[in-house]
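Residues per chain, in single letters:
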Amino acid sequence: MKLPDGPRTPAFVQLIQVLFRPLEFLEENAKRYGDCFTSRITGFPPLIVVSHPQALQQIMTADSKLFESGPANKIFHFIVGDDSLLLLDGDRHQRKRRLLTPPFHGERMRTYGKLICDITEKVTDNWTIGKSFIARSALQEISLRVILRAVFGVDEGERFEELRQLFSQMLDNFDSPVKSGFLFLKTLQKDLGPWSPWGSFVRQRERIDELIYAEIQERRQQSDTSGEDILSLMMSACDEAGRSMTDRELRDELITLLLAGHETTASALAWALYWIHKLPTVCDKLLKELENISDDTDPSEIARLPYLTAVCQETLRIYPIALFTFSRILKAPFQLMGYDFEPGTYLSPCIYLTHQREDIYPEPKQFKPERFLERQFSPYEYMPFGGGNRRCLGMAFAQFEMKLVLATILTRWQLDLADHRPVRAVRRGLATTPGGGVSMVVTGKKVKAPNLVSC
Ligand code: HEM
């Protein structure tokens, strides 16, 4: 089978580029080889990088039985375990999605609106005028508290305090391109004692597991699974044979949701605060729109504000947190962009390159929320949450949360960037994030009814 052309550099060099200069690597190759090229990275089969909307449509709308993603997601196994829906395909995957989708959508999702605003207020309450802070860390505390509440129904008490701290520390193990190498190279995944990078990660993960199993045990003893939280929901669910989920299955799914559900949102929010304070016209327009909201405004109304929505959409366009969707591994022959691909081929829809296409987004490097007010993009032109049968389970929830957190912060605080130099997108684990986390300074506190303050 002839694969599309692609960079000829050794696989190890491509891995280094993917770790240290992921955006440049993708752009250089798209320029040279076009909308479909083959990348070879140490530890992975050849990846067919695809960024043409028509091809993406073909992949996302094809019969889902033609593909699987579980084997490609083995890269997450070290943390989410065998039973996570990330590693499942077919009926088991669909069943898990059917169970976990409702709490993150519609009415159930909207019940979290007030909670998201309250958590944001609480976490930002200790900000002091004149003090600087790292946006991503503060936002991560907010998004972690929010997802803990959604998943467990609580985010306070000794157990959850420890869980929050351990989760943040554990993810900081992969907070740079060098440390992200541990995820890509299995040979580095060696426990050489508590002070070694992998050893420290393993111990943190073990302690997290202990805390989660302790919570599951307590709930089982209470034998009351009537709560609205996702753990209660999973504990009361049965498969078609009448079997309920084992402790191990519960643990794997809880970790999956905690992991997928907060780092991504925190990075997206940090980018949003960066762009809003980098570009005074964006800030002024947004504050003008937010002038009309008060403490009594229904969160759903805030989530419908058009400019706020466009700012969030453009934030996820210009630097999507996930550069790729999960790989789609072919289970049958498939024709795409003039190639005949064989079963076993890894197709990798590239969100970043699609979002950087000049033919869809003129001046793609410019942050312009207006583009989302002027035209509608198809789900194959704009796909920060992926698509098809693996589309992000938290897509609606993450967008809802982003808007409420931003509105709560911007109507209460005046902020500025501590450093006005451009921020680079860098790798953090498998995601991209603003380099340095966006250093900001608190310049003022707004009293009750927010006035329009120019940035
Ligand atoms: C800005 C925030 C987020 C971004 C950019 C994001 C992005 C993504 C992407 C690109 C995928 C892969 C989709 C595909 O392959 O087609 C995904 C999958 C997933 N996301 Fe998110 N996500 C975000 C927030 C969340 C939240 C808040 C949750 C939790 C509720 C979540 C849970 C999941 C899960 C469980 C999957 C796996 C779905 C499956 O395998 O069927 N994500 N996400």
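See the structure shown above.
Scoring rules and cut-offs
Residues numbered from 1 in each chain as written. Predicted model: local features only at pLDDT ≥ 70, side-chain atom pairs only at ≥ 80, totals over all residues. Heavy atoms only, no water. Helix = DSSP H or I, 4+ residues; strand = E, 2+ residues; numbered from the N terminus. Buried < 20%, exposed > 50% of the residue type's maximum accessible area, 1.4 Å probe, protein only. Contact = heavy atoms within 4.5 Å. Lys, Arg positive; Asp, Glu negative; His and termini not counted. Charge placed at Lys NZ, Arg CZ, Asp CG, Glu CD. Pairing = 2+ DSSP bridges. Axes fitted to C-alpha atoms, helices over the stretch in contact; angles between N-to-C directions. Salt bridge = Lys/Arg side-chain N within 4 Å of Asp/Glu carboxyl O. Patch = residues over 30% accessible without salt bridge, like charges linked within 9 Å, V, L, I, M, F, W, Y side chains within 5 Å. Areas by Shrake-Rupley, 256 points an atom, 1.4 Å probe, with all protein chains shown as cover. Near = heavy atom within 4 Å. Polar contact = N/O pair within 3.5 Å; in protein donor to acceptor, adjacent residues only side chain to side chain. Parallel < 35°, antiparallel > 145°, perpendicular 65-115°, else oblique. Left-handed = near helix turned anticlockwise from the far one by under 90°. Nonpolar A, V, L, I, M, F, W, Y, C, P; charged D, E, K, R; others polar. Phe/Tyr/Trp six-rings, centres within 6.5 Å; stacked < 30°, edge-to-face > 60°. Lys NZ or Arg CZ within 6 Å of the ring centre and 35° of its normal.

Participant: So what's going on with the overall build of the protein chain? Which residues, and what values?
Facilitator: Secondary structure assignment for the protein chain yields 20 helices and 12 strands. Within the protein chain, buried positions represent 55% of all 455 residues. Contacts in the protein chain between residues far apart in sequence, at least 24 positions, make up 73% of those at least 6 positions apart. Side-chain charges of the protein chain comprise 57 positive and 58 negative groups, with the mean position of each set lying 4 Å from the other.

Participant: Can you tell me about the sheet that holds strand β4 (residues 132-134), naming the residues and giving the values?
Facilitator: Spatially, the three strands line up as an open sheet ordered β4-β12-β9, and their pairing is antiparallel. Each edge of the open sheet is held by one strand with a lone partner, namely β4 and β9 (413-417). Strand after strand, the sheet turns through a mean of 40° between neighbouring axes, direction not considered. Looking at chain direction, β9 and strand β12 (residues 439-445) are connected through five bridges and run antiparallel. Across the sheet, the residue bridging to L417 is M440, located in β12.

Participant: Summarise unusual backbone geometry; cite the residues concerned and give the values.
Facilitator: Here E363, not a glycine, exhibits a phi torsion of approximately 50°, which is positive. Counting through the fold element by element, E363 comes out in the loop between α18 (351-355) and α19 (371-374). On the basis of relative accessible area, E363 is assigned to the partly exposed category, the value being 47%. Phi at V438 is positive, roughly 70°, even though this residue is not glycine. On the secondary structure map, V438 appears in the loop between β11 (431-434) and β12.

Participant: A description of the pattern of salt bridges should follow, citing residues and the corresponding values.
Facilitator: By the definition in use, this model includes 39 salt bridges. The closest approach of N and O atoms between E161 and R164, which form a salt bridge, is 2.4 Å. With E161 and R164 both in helix α9 (residues 158-172) and three residues apart, this pair spans about one turn of that helix. The buried category is assigned to R164, whose relative accessible area is 10%. In this structure, D359 and R357 form a salt bridge, with 3.0 Å as the shortest nitrogen-oxygen distance. By sharing partners, the salt bridges in this structure join R159, E215, E218, R219 and D229 into a single network.

Participant: Just give me the short version of a nonpolar patch on the surface, but keep the residues and values in it.
Facilitator: Where nonpolar side chains cluster on the molecular surface, the patch consists of F12, I16, F20 and V178 and spans about 370 Å² of accessible area. Tracing the backbone through its elements, the reader meets V178 in helix α10 (residues 177-184).

Participant: Any chance you could break down the site of the ligand for me, citing the residues and the numbers?
Facilitator: By nearness alone, 25 residues border the ligand, and H93, R97, F326, R328 and C392 come closest of all. In the environment of the ligand, an oxygen atom lies 2.9 Å from a nitrogen or oxygen atom belonging to the backbone of F326. In this structure, G387 approaches the ligand through a main-chain N or O atom, which is 3.0 Å from an oxygen atom. Elements with a contribution of two residues or more to the shell around the ligand: α5 (90-100) and α14 (263-278). With three residues, α14 is the largest single contributor of residues to the shell around the ligand.

Participant: How would you summarise the packing of α9 against helix α11 (residues 197-222) if you had to cite specific residues and measurements?
Facilitator: Running from amino to carboxyl end, α9 crosses α11 at an angle of 150°, the nearest separation of the two axes being 10 Å. When the axis of α9 is compared with that of α11, the two are roughly antiparallel. For the pair α9 and α11, the crossing hand works out as left-handed. On α11, the residues touching R159, F160, E162, L163, L166, F167, Q169 and M170 of α9 are F201, Q204, R205, R207, I208, L211, I212, A214, E215 and E218. Here the contact of α9 with α11 is composed, by residue class, of 10 nonpolar, two polar and six charged.

Participant: Now, about the packing of aromatic side chains: what can you tell me, with residues and values included?
Facilitator: Scanning all chains against the criterion turns up 21 aromatic pairs. Relative to Y382, the ring of F372 lies with its centre 4.9 Å away and its plane at 65°, an arrangement referred to as edge-to-face. Highlighted residues: F372 in helix α19 and Y382 in the loop between α19 and α20 (395-410), separated in sequence by 10 residues. Of the aromatic side chains, those joined through ring pairs into one cluster are W271, Y274, W275, Y319 and F367. The ring of Y361 carries the charged tip of R317 above its face, separated from the ring centre by 5.1 Å.

Participant: Account for the environment of M235, with residues named and values stated.
Facilitator: You can see M235 is positioned in helix α12 (residues 230-236). Counting along the chain gives 88 residues from M235 to L323, while the straight-line C-alpha distance between them is 34 Å.

Participant: Outline the sheet that holds strand β3 (residues 67-68), listing residues and values.
Facilitator: Note on sheets: strands pair through backbone hydrogen bonds, and any given pair is parallel or antiparallel. With mixed pairing, the five strands of this open sheet are ordered in space as β1-β2-β8-β5-β3. Either end of the sheet is taken by a strand with one partner, and the two such strands are β1 (36-39) and β3. Judged from the two bridges that link them, strand β5 (residues 328-330) and strand β8 (residues 346-349) form a sheet pairing that is antiparallel. Across the sheet, R328 pairs through a bridge with L347, a residue of β8. The sheet strands contacting helix α3 (residues 53-61) are β2 (47-50), β3, β5 and β8, and the helix crosses β8 at an angle near 120°.

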